[in-house]
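Chain and residue survey
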Amino acid sequence: MAANYDALGSQARSSPYGSGDPYYNESSGYITPAQQPKKTISKWVKFGIPVAVVVIVGAVLGGVLGSHASKNASASNSAAASAAATSAISAKNDIGRFATATDSQYLVPIYPMTTNTAAFTTPTFVSTTNTNLAWPQDPFQPSNPSPTQVRPDRPRLIAPSYMWDSLPTLIKNDPYLSGWNATIFGNATQYMALPPVAYFLDGGNGILDPAREIKQRIKAFSYAYRLTNDTKWLDRTYVELQNAAGNLTGGWGPDNSTKWNPTHFLDTAELTAAYAIAYDWLYDAWTPSQRSSIMATMITYGLSNGVIAYSPGNPLQVLYGWWNSNIEGNWNCVCNNGLTMGALAILGDDTTGIAAQLLALTIPNALQNCALAPSSDGTWSETANYWYFGTTGHAEMASSLLTATGSTYDLLSVNPDFQLTGQYHMYVSGPGSLFNYGDCGPNKYSTTANSMMFYGQQYNMPQYQLFQRDQFDAAEPWSMFWYNPAVTGAFWDGLALDHFFDNSTDQWASMRSSWTDENALYVAVKAGTLQGHQTHNDLDCGDFVVDALGVRWFGELGSGDYNSVGYFSNDTQQSQRWLYYRKMTEGQNTILVNQQNQNVAAAPTVRHDSSATVQGSSTVMNVPGDSSAYFIADLTSAYFDVTSFSRGVHLINGRKQVLIQDEINASAPIMWRAHTNASVSVSSDGFTATLTIGSATTTVQMLNPPSGAAFTHTDAVRFSTDPTPPQPDQPNDGVTVLIISLPSGSYTLEVLISPQWPGMSSSSYTTPSSVPLSQWSLTSPS
């Protein structure tokens, strides 16, 4: 939830943050111009009930399932495998795509409320050798892989020729591949009608926006040419390449080696990747002079600057290559990937030796940094939105190495917990948006969640592919080759409603009432440390979000202006970053003590429990009445002027209501704060707040209120007594802060959140008994 935040995958091009909007340049998500444009949205988070749905681009067609031939069935089980495959094919032909539409507001899949025991089964990769149904085995199987020994045929990167040969048949037989293919061609047609991407240097954020748009177009054009041999796609690709090389009228950026802006190396890396894709995927279609020109441009503006980034003695190294030194996050993944793809593309043609030189640098560096970005519980080191950017770089690099040379060189295994990051993505995704703590913002361009497709296959996690394939951003070229058409079942079948992420850096909980109901209750809450997130976090211990009735009732403000003075200065207590409203404790959904920021040295401890409720095969989730979950965090260390403070969040009454309980002893005034874009009205006694968005309503009630406690509300603006930030805050128009203010003292605050579910009588709601956090259990309070 961010000011003017458009939900999980915004297609909006306008930015509430101005030229410094980080996610106007550095976000995730994939624009699909073939879709209908989104309706005008209010400024802030899109929380209203969906007013319309848009049918997923690409027809919902019957299809056929198969499996990857690398899992060849032996003679002893071939009959069983064939029977299983036939059964899966029949089920999928009957139902087609599982999701029937995409929510036009939040861009999340809408599932029919039904039961299909034939199709909605345990996630599985069916084994079959039938190449009408499955990818054949890659003929390139080196016995001793080396990064500089590449496959003999083209393409090398991500999609070898044997996959292109099989793709038309698989498209015809699989409803997902068929729909995605139609969308990709629709997008390519839209891009064809546009002029070449213009050069635009956006302050401190460089040219990442145009770089990623070029990459997006190159992927679509190259894909279209490979499947049609229509030279209009080849010609248009070359125009885009010539443009970014500065060879068209008007030029493109400076006429020197810094054209691709290596001081913001993400830009250089993404353009290098784009050129690598064009060079490799269209290799046989280019004339020798065209290949030479593309390679020369890539070396001059991309790979040569990559060598500088890895040259400690070069005075420019600290500007170009700071990301390759102990940076376990998206920068390292994206930068190493671009250089790796570029190097792999030109190996054998490169006479300078630069390709082999870089591969000797990027692979070990990515193993030491990029691969360590997920923590031991799979949580991405930065934020839920940076997961998209980082995992896309990681997956592209691993996939390119695998297809080009036959190995990922431990990029998938050096961190044994990397395989859990797909699970993190699933649980951090709510019915309306991500749990978008820290720096998050509108999604844009070529970074998608389709790393889930790659990880699903490589880690044998079919649920990852099943989850991602119905998402709006699934329709792009990588999915066409990372998706295993042999995957069957439903991601939600047997999937727990709750998960707790216990790594001390993260410490957060995800709890919900359904995986397939867009109106489900979703609550996420966090503790965790306030340092060690590459300066992308907020001072937000105790922060929470709540979704219900198709609306996000309490949510996040997201990113500030990345160009603001001191925004990334550091994460120490006196950092200028913590002067900005969206980053300071005041701007979070937690307790504020003495109107001061939390202590950056916080070391919370947590405990939690769950009824371990899982969803069955049906999309209709009938939650048992005794199903519950809770999360308690001791946040004492996160505060000054506090003797003790713990926050508990409990799903009660069959996951229909939420209790937030705070037990605090403070020597300074305290303030309970939660941000909403609902209309707020408070009862005359001050004990109940009614929140309304559209036709949906939620009540927020204080139970056993302390003397003097009452709900008030105000705009989301800083206190007049706050220190003045180096630059003005971004406006948070339409955002209201619900508040309880109390003087210093010892208090128990019990806040009951009750979405007004259609058809649920008032007598069905519960008023839980007062139970100390130390005595909380799955059945108490209730």
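Structure report, in brief.

About the criteria used
- Residues numbered from 1 in each chain as written.
- Predicted model: local features only at pLDDT ≥ 70, side-chain atom pairs only at ≥ 80, totals over all residues.
- Heavy atoms only, no water.
- Helix = DSSP H or I, 4+ residues; strand = E, 2+ residues; numbered from the N terminus.
- Contact = heavy atoms within 4.5 Å.
- Areas by Shrake-Rupley, 256 points an atom, 1.4 Å probe, with all protein chains shown as cover.
- 1 Å grid on protein atoms, 1.4 Å probe; cavity = no way out; pocket = protein on both sides within 12 Å on 5 of 7 lines; lining within 4 Å.
- Points joined across faces, edges and corners; volume = space filled by probe spheres on them.
- Nonpolar A, V, L, I, M, F, W, Y, C, P; charged D, E, K, R; others polar.
- Pairing = 2+ DSSP bridges.
- Axes fitted to C-alpha atoms, helices over the stretch in contact; angles between N-to-C directions.
- Expected span 1.5 Å × (residues − 1).
- Buried < 20%, exposed > 50% of the residue type's maximum accessible area, 1.4 Å probe, protein only.
- Polar contact = N/O pair within 3.5 Å; in protein donor to acceptor, adjacent residues only side chain to side chain.
- Parallel < 35°, antiparallel > 145°, perpendicular 65-115°, else oblique.
- Left-handed = near helix turned anticlockwise from the far one by under 90°.
- Patch = residues over 30% accessible without salt bridge, like charges linked within 9 Å, V, L, I, M, F, W, Y side chains within 5 Å.
- Salt bridge = Lys/Arg side-chain N within 4 Å of Asp/Glu carboxyl O.
- Phe/Tyr/Trp six-rings, centres within 6.5 Å; stacked < 30°, edge-to-face > 60°.

1. Structural notes on the overall build of the protein chain
Secondary structure summary: the protein chain contains 16 helices and 22 strands in total. A sequence separation of at least 24 residues applies to 77% of the contacts in the protein chain between residues at least 6 apart. About 24500 Å² of surface is accessible on the protein chain, with carbon and sulfur atoms providing 51% of the total.

2. Here we look at empty space enclosed by the protein
Tallied over the entire structure, the rule returns 3 cavities of 30 Å³ or more. Reported here for the largest cavity is a volume of approximately 120 Å³. The wall of the largest cavity is formed by 14 residues, among which Glu 382, Tyr 437, Thr 505, Lys 526 and His 533 lie closest to the centre. A class-by-class count of the residues in the lining of the largest cavity yields 3 nonpolar, 6 polar and 5 charged.

3. Some details on the sheet that holds strand β20 (residues 711-715)
A sheet is described by the order of its strands in space; here 4 strands give the open sequence β11-β16-β21-β20, paired in antiparallel fashion. Across the chains shown, the open sheet's two edge strands, defined by having one partner strand only, are β11 (591-593) and β20. Ignoring strand direction, the axes of neighbouring strands in this sheet form an average angle of 35°. Bridge count between strand β16 (residues 670-676) and strand β21 (residues 736-742): 7 bridges; the pairing is antiparallel. Counterpart to Ile 670 in the pairing with β21 is Leu 742.

4. Observations regarding the pairing of strand β17 (residues 679-682)
The sheet contact formed by β17 and strand β18 (residues 688-693) spans 4 bridges and is antiparallel. Note on β18: the bridge partner recorded for Ser 681 is Thr 690. Hairpin connection of β17 to β18: 5 residues between the antiparallel strands, including Gly 686 at a positive phi of 80°.

5. Some words on helix α4 (residues 175-192)
Taking 1.5 Å of rise per residue, 18 residues should cover 26 Å, and α4 covers 26 Å from first to last C-alpha, within 8% of that figure. Counting buried positions along α4 yields 13 of 18 residues, so the element is predominantly enclosed. Near the N-terminus of α4, the side chain that reaches the backbone nitrogen of Tyr 176, with its oxygen 2.9 Å away, is that of Asp 174.

6. Some words on the packing of helix α6 (residues 231-244) against helix α8 (residues 288-309)
Axis separation between α6 and α8 bottoms out at 11 Å; the angle between their running directions is 40°. Overall, the two elements α6 and α8 adopt an arrangement that is oblique. Here α6 and α8 pass one another in a crossing that is left-handed. On α8, the residues that touch Tyr 238, Leu 241 and Gln 242 of α6 are Gln 290, Ser 293 and Ile 294. For the contact of α6 with α8, a count of residues per class yields 3 nonpolar, 3 polar and no charged.

7. Describing the sheet that holds strand β8 (residues 522-526)
Spatially, β6-β7-β8-β9-β10 is the arrangement adopted by the 5 strands of the open sheet, whose pairing is antiparallel. Looking at which strands have only one partner, the edges of the open sheet turn out to be β6 (499-501) and β10 (551-554). Strand-to-strand twist in this sheet, taken as the mean axis angle between neighbours without regard to direction, amounts to 15°. Both β8 and strand β9 (residues 544-548) contribute to a ladder of 4 bridges, which runs antiparallel. Within β9, the position partnered with Val 525 by the bridge is Phe 544. Contacting β6, β7 (508-512) and β8, helix α13 (residues 421-428) runs over the sheet at an angle of about 55° to β7.

8. Here's the deal with α6
Between its first and last C-alpha, α6 extends 20 Å over 14 residues, near the 20 Å set by a 1.5 Å rise per residue. For α6, the tally of buried residues reaches 10 of 14 residues, placing the bulk of the element in the interior. Along α6, the residues that are buried comprise Trp 233, Leu 234, Arg 236, Thr 237, Tyr 238, Glu 240, Leu 241, Gln 242, Asn 243 and Ala 244. In the core, the buried residues of α6 are packed alongside α4, α5 (208-228), α7 (265-281) and α8. After α6 finishes, the residue Gly 246 shows a positive phi value of roughly 80°.

9. Quick word on a nonpolar patch on the surface
A surface patch of nonpolar side chains, about 250 Å² in accessible area, is lined by Leu 316, Val 318 and Leu 319. For Leu 319, the position within the fold is in helix α9 (residues 317-320). Using a relative accessible area of 45% as the deciding quantity, one classes Leu 319 as partly exposed.

10. Remarks on the pattern of salt bridges
Under the defined criterion, the tally for this structure stands at 21 salt bridges. Here Lys 215 makes a salt bridge to Glu 396, at a shortest N to O gap of 2.9 Å. Here Lys 215 is found in helix α5, whereas its partner Glu 396 is found in helix α12 (residues 386-405), with 181 residues between them in sequence. Side by side, Lys 215 and Glu 396 carry an identical accessibility label, which is buried. Between Glu 476 and Lys 219 there is a salt bridge, and its shortest N-O distance comes to 2.7 Å.

11. A few points about the packing of aromatic side chains
Here the structure, examined in full by the defined rule, presents 53 aromatic pairs. Pairing Phe 98 with Phe 120 gives two aromatic rings, centres 5.0 Å apart and planes at 70°, and the pair type is edge-to-face. Of the two residues, Phe 98 is situated in the loop between α2 (78-95) and β2 (101-103) and Phe 120 in the loop between β3 (109-110) and β4 (124-125); the sequence distance between them amounts to 22 residues. Phe 98 sits in the buried class, given a relative accessible area of 5%.

12. Some remarks on the packing of α5 against α7
Between α5 and α7, the least distance of the axes is 8 Å, while the angle of their chain directions is 10°. With respect to α7, the element α5 is oriented roughly parallel. Contacts from Leu 208, Ala 211, Arg 212, Ile 214, Lys 215, Ile 218, Lys 219, Ser 222, Tyr 223 and Arg 226 of α5 reach α7 at Leu 266, Asp 267, Glu 270, Leu 271, Ala 273, Ala 274, Ile 277, Ala 278 and Trp 281. By residue class, the composition of the contact of α5 with α7 is 12 nonpolar, 1 polar and 6 charged.

13. Quick notes on the environment of Ile 346
Note that Ile 346 resides in helix α10 (residues 330-346). Placed 47 residues apart in sequence, Ile 346 and Ile 299 show a C-alpha to C-alpha distance of 9.5 Å. Setting aside its immediate chain neighbours within four residues, Ile 346 contacts Arg 156, Tyr 279, Met 295, Met 298, Ile 299, Leu 303 and Ala 355.

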